[in-house]
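The primary structure of each chain is shown beneath.
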Amino acid sequence: MTLADILASLFPEGHGVTVADGLVTGHGPLDGRTLHVVGIDGDTPLGVDGALTLSAAVLDVMRAADKAPILVAIDSDSQRMSRRDELLGLNECLAHLAKALLLADRSGHPTIGLIYGHSAAGAFIATALATRVLAALPGANPSVMDLPSVARVTKLPLEKLQQMAKSTPVFAPGLDNMVAAGAVHVVLDPERPLHAQILGLIADLPSHDVRDRLGQERGGRPVARDIAARVAGQARAG
Amino acid sequence: MPDVTDPQTLSWYEASARQRVANLLDAGTFEEFVGPAERAMSPHLPLFDLPRAFDDGIVVGRGTLGGKSVLAAAQEGRFMGGAFGEIHGAKLVGLLRAALDVKPAAVLILFDTGGVRLQEANAGETAIAETMRAITDARAAGISVIGLIGGRAGCFGGGGLIAGTCSRLAVSESGRISVSGPEVIETNKGAEEFDSRDRALVWRTMGGKHRRLTGSADAYCEDTVAAFRQAAIDLIETAPRFDLAMLEAEQGRLEARLHRFGACRDATEIWAQLGINDPDAVPAMTDAAFQEIAAGVTEASHDAR
Amino acid sequence: MESLTFRHTTKTPLAGAKPLAITGVVASGNLEVLLERVLPPNACEVAVETPIGGYGDVWEAVVADFVARAQPGGLRISINDGGARPDTVSLRLLQGARLMEG
């Protein structure tokens, strides 16, 4: 689905969501309430400027203190890779955006991620992965790194990696593998109205971070949940 | 403890994760969770014919620092570049989640990481997201999360984002913080954009001195475990709150940075605008001389983090 | 990956009472050695995981030399190898034994 399709399905009565330089901001009516939207469209890389534009929009929502939910709609590239971005502290700007989303969520604004295209690496962590619940649409393509780049870094033949990717979800790019890791909670049905599906997610928010449980149940992250629980258990004992 | 040597002279950069944590905390107080004897090793690395480590490259546990109870995690930058794999990340996540119940004075994260371990990329990336959520949960509960950065692997990729989530950061000159590493930028955008072999450029753009002068880090240490220990003790006392007022202040701080320095091509131009008389002298400056200069830069010290 | 295990009988137990020690790091040309005092006082077992296959006889000789010198009775020693040279392996094993005595 394109962003326009998504917004039409979310807001049948119309909306005030706009896109400028690949950055999505605005809101629309959802079942008598407001749904705020921030996001990235068109496979746009996220740099220092874009991160602060989006974080400013999230802080604006928080100031209103109406507990309105925030949809984080993502079709991005990775973080913008440039000397200027790193010189200006890209790590701080991306972390600031993530912190804004995390604070909004804990302040009563439910945060729902929606990945409908690509996203990768730092841009993915700072946006979609900083929400309470991350949904995806079929055809989305989240990744950490594409396989040819993985081949370059690991010095393994691409053919071997492609073969391994079929049986080992833990390293391979793509939506199915991110679902298996528990990073993506649910894949939505594009044939049904999105506004009902998003309302359903808001009504059924997990009370805490369940991604490691999902990763264990789905087999994409077989041991993380147990290890985290073991460490926490030993820390709490004695 | 076997690894205790003289922290006054022990180099943070050269030390192992175990040496760092043992010498950072009060002597003999470190107690490890899910230690090497439990053999919590990566289930994935053998598929790549890669050796595993008994601790998956991270040491987590508790101890005291200046008499206060703390939780601590130390990444080993020499094992797989300190990168986040499934178990490595889960150990940090578990530690941070426990902080809500244990209520330590602080959680210390001794960063030494290239980012996500590509052989376990999805698990590592998700663990980084879980870590950031757990850090903000801990901070909102009033627990300081202090990052210490000066290891050989630096603090790159998702590690840089986690660092940006901490309450306070201490760096040494070697403490490079960045999202895209020099090689990643060069591979994707070419050597004209970033020549990763130009080490002076790397240090100027990502190194501890630049990060301290621009307020990306709150303390600058000489490269000894003792200096990081003192910085950690001091920083715990001054950790900012995690609330809307702080984030508004950080928004203003970062916007001001982009506005003032957005057209600068090199760190030396930024340092000049920060009021440093001889910016070209900064890279070769001694730690003591640099600390004096940094103390005079108003932008370097703030509570907007 | 290749797994090797060597079992030895020692004349004496290793001095000291320390139950556990670890030394070294898994990195290129390096290795980590985990030592646990869990075996009968005259027994020593050394288990090696190495990514570099085909050097079983070299490992056997290095381990036998270490056992003869250190008499590490009571220890189970586990090695994660990152491709270390034999002299590095010897050094780490002796370091580990010293830690257990300390």
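Residues numbered from 1 in each chain as written. Chains lettered and ligands numbered in written order. Predicted model: local features only at pLDDT ≥ 70, side-chain atom pairs only at ≥ 80, totals over all residues.

If you look chain B up in an unreviewed UniProt entry, it shows as Biotin-independent malonate decarboxylase subunit beta from Methylobacterium haplocladii.

Looking at an unreviewed UniProt entry, one finds chain A named Biotin-independent malonate decarboxylase subunit gamma and attributed to Methylobacterium haplocladii.

Visitor: Run through the overall build of chain A, naming residues and quoting values.
Guide: Of the regular secondary structure elements, chain A holds 11 helices and nine strands. In terms of C-alpha radius of gyration, chain A reaches 18 Å, essentially the compact-globule figure of 18 Å for 238 residues. If one aligns the C-alpha atoms of chain A with their principal axes, the spans along those axes are about 50 × 45 × 40 Å. With 238 residues in all, chain A has 56% of them scored as buried. Pairs at least 24 apart in sequence give 67% of the contacts found in chain A among residues at least 6 apart. (Helix = DSSP H or I, 4+ residues; strand = E, 2+ residues; numbered from the N terminus. Rg over C-alpha atoms; globule rule 2.2 N^0.38 Å. Buried ≥ 20, exposed ≤ 12 C-beta atoms within 10 Å, placed from the backbone. Contact = placed C-beta atoms within 7 Å.)

Visitor: Give me the overall build of chain B: which residues, what numbers.
Guide: Across its full length, chain B holds 11 helices and seven strands. Referenced to the eigenvectors of the C-alpha coordinate spread, the extents of chain B come out at roughly 55 × 45 × 40 Å. When contacts within chain B are restricted to residue pairs at least 6 apart in sequence, those whose partners lie at least 24 apart make up 72%.

Visitor: Go over the sheet that holds strand S1 (residues 2-9) of chain C with me, naming the residues and quoting the values.
Guide: Note on sheets: strands pair through backbone hydrogen bonds, and any given pair is parallel or antiparallel. Residue and element names in this part refer to chain C. The five strands are arranged S1-S4-S5-S3-S2 in an open sheet whose pairing can be described as mixed. Two strands lie at the open edges of the sheet, namely S1 and strand S2 (20-24), each paired on one side alone. Put simply, the sheet's adjacent strands are angled 10° from each other on average, direction ignored. Of the pairings in the sheet, the one linking S2 to strand S3 (residues 31-37) comprises five bridges and is antiparallel in character. Each bridged residue has a counterpart across the sheet, and for Ala21 the counterpart in S3 is Leu35. Across the sheet, helix H1 (residues 56-70) touches S1 and strand S4 (43-50), and the angle it forms with S1 is around 30°. The sheet contacts of helix H2 (residues 86-101) involve S2, S3 and strand S5 (75-81), and relative to S3 the element is tilted by about 35°. (Pairing = 2+ DSSP bridges. Axes fitted to C-alpha atoms, helices over the stretch in contact; angles between N-to-C directions.)

Visitor: If you had to explain the arrangement of the chains to someone new, which residues and values would you point to?
Guide: Once contacts are tallied for each of the two pairs of chains in contact, the highest total is for chains A and B. Of all C-alpha pairs spanning chain A and chain C, none lies closer than 14 Å, and the two are not in contact.

Visitor: Before we move on, could you go through the nonpolar core and cite the residues and values that matter?
Guide: In this structure, Ala98 of chain A together with Leu95, Val107, Ala170 and Ala232 of chain B are the most contacted members of the largest nonpolar core, which totals 206 residues. Ranked by the residues each element gives to this core, the list is headed by helix H4 (residues 90-106) of chain A, at 11 residues. In this structure, Val107 of chain B is in contact with Val70, Leu71, Leu95, Leu96, Ala99, Ala138, Ile143 and Val145 of chain B, ignoring residues within four places of it in sequence. (Core = buried A, V, L, I, M, F, W, Y, C linked by C-beta atoms within 7 Å.)

Visitor: Got a sec to walk through the interface of chain C and chain B? Specific residues and values, please.
Guide: Listed as interface residues are 17 residues of chain C and, on the opposing side, 14 residues of chain B. Residue composition of the side of chain C that touches chain B, by class: 10 nonpolar, three polar and four charged. (Nonpolar A, V, L, I, M, F, W, Y, C, P; charged D, E, K, R; others polar.)

Visitor: Go over the interface of chain B and chain A with me, naming the residues and quoting the values.
Guide: With 73 residues of chain B at the contact, the number on the chain A side is 68 residues. Of all the elements in the fold, those that place two or more residues in the side of chain B that touches chain A are strand S2 (58-65), helix H2 (86-102), helix H3 (121-140), helix H4 (158-163), helix H5 (182-189), helix H6 (199-206) and helix H9 (244-261) of chain B. Examining the composition of the side of chain B that touches chain A, we find that 13 residues originate from one element, H3 of chain B, more than from any other. Residue classes in the side of chain B that touches chain A are distributed as 39 nonpolar, 19 polar and 15 charged.

Visitor: Explain the packing of helix H10 (residues 211-218) of chain A against helix H11 (residues 224-236) of chain A to me, using residue names and the numbers behind them.
Guide: Packed helices, taken two at a time, are described by the angle their axes make and the gap between the axes. Residues and elements named next belong to chain A. Between H10 and H11, the shortest axis-to-axis distance is 8 Å and the interhelical angle comes to 135°. Relative to H11, H10 is oriented oblique. Between H10 and H11, the residues in contact are Asp212, Arg213, Gly215 and Gln216 and Ala224, Arg225 and Ala228, respectively. A per-class count over the contact of H10 with H11 returns two nonpolar, two polar and three charged. (Parallel < 35°, antiparallel > 145°, perpendicular 65-115°, else oblique.)

Visitor: Can you break down the environment of Val70 of chain B residue by residue, with the values?
Guide: Residue and element names in this part refer to chain B. By the secondary structure assignment, Val70 is in strand S3 (residues 68-75). Classification of Val70 as buried rests on a count of 27 C-beta atoms within 10 Å. Distance from Val70 to Arg39, taken between C-alpha atoms, is 24 Å for residues 31 residues apart in sequence. When residues no more than four places from it in sequence are discounted, the contact partners of Val70 are Arg62, Gly63, Thr64, Leu65, Pro104, Ala105, Ala106, Val107 and Leu108.

Visitor: Talk me through the pairing of strand S3 (residues 33-46) of chain A; I want residue IDs and the actual numbers.
Guide: All names here are of chain A. Sheet topology places strand S2 (residues 23-30) next to S3; eight bridges connect them, and they run antiparallel. Following the sheet pairing, Thr25 is matched in S3 by Val38. Counted between consecutive antiparallel strands, the loop separating S2 from S3 contains two residues, among which Asp31 sits at a positive phi close to 55°. Handedness of the crossover joining S3 and strand S4 (residues 70-79) through helix H2 (residues 48-64) is recorded here as right-handed. (Right-handed = clockwise from strand over helix to strand, strands pointing away.)

Visitor: Explain the environment of Ala90 of chain B to me, using residue names and the numbers behind them.
Guide: Residue and element names in this part refer to chain B. Topologically, Ala90 is positioned in helix H2. Since 33 C-beta atoms lie within 10 Å of it, Ala90 is described here as buried. As a C-alpha pair, Ala90 and Thr214 span 124 residues in sequence and 32 Å in three-dimensional space.

Visitor: Explain the sheet that holds S2 of chain A to me, using residue names and the numbers behind them.
Guide: Residues and elements named next belong to chain A. Spatially, S1-S2-S3-S4-S5-S7-S9 is the arrangement adopted by the seven strands of the open sheet, whose pairing is mixed. The open sheet has two free edges, formed respectively by strand S1 (18-20) and strand S9 (186-187), since each of these has just one partner strand. Bridging between strand S7 (residues 133-136) and S9 involves two bridges; their strand directions are parallel. Within S9, the position partnered with Ala135 by the bridge is Val186. Across the sheet, H2 lies against S2, S3 and S4, angled at about 175° from S3, the strand it touches most. Its contacts with the sheet place helix H9 (residues 194-203) against S2, S4, strand S5 (111-115) and S7, and it is angled at close to 135° to S5.

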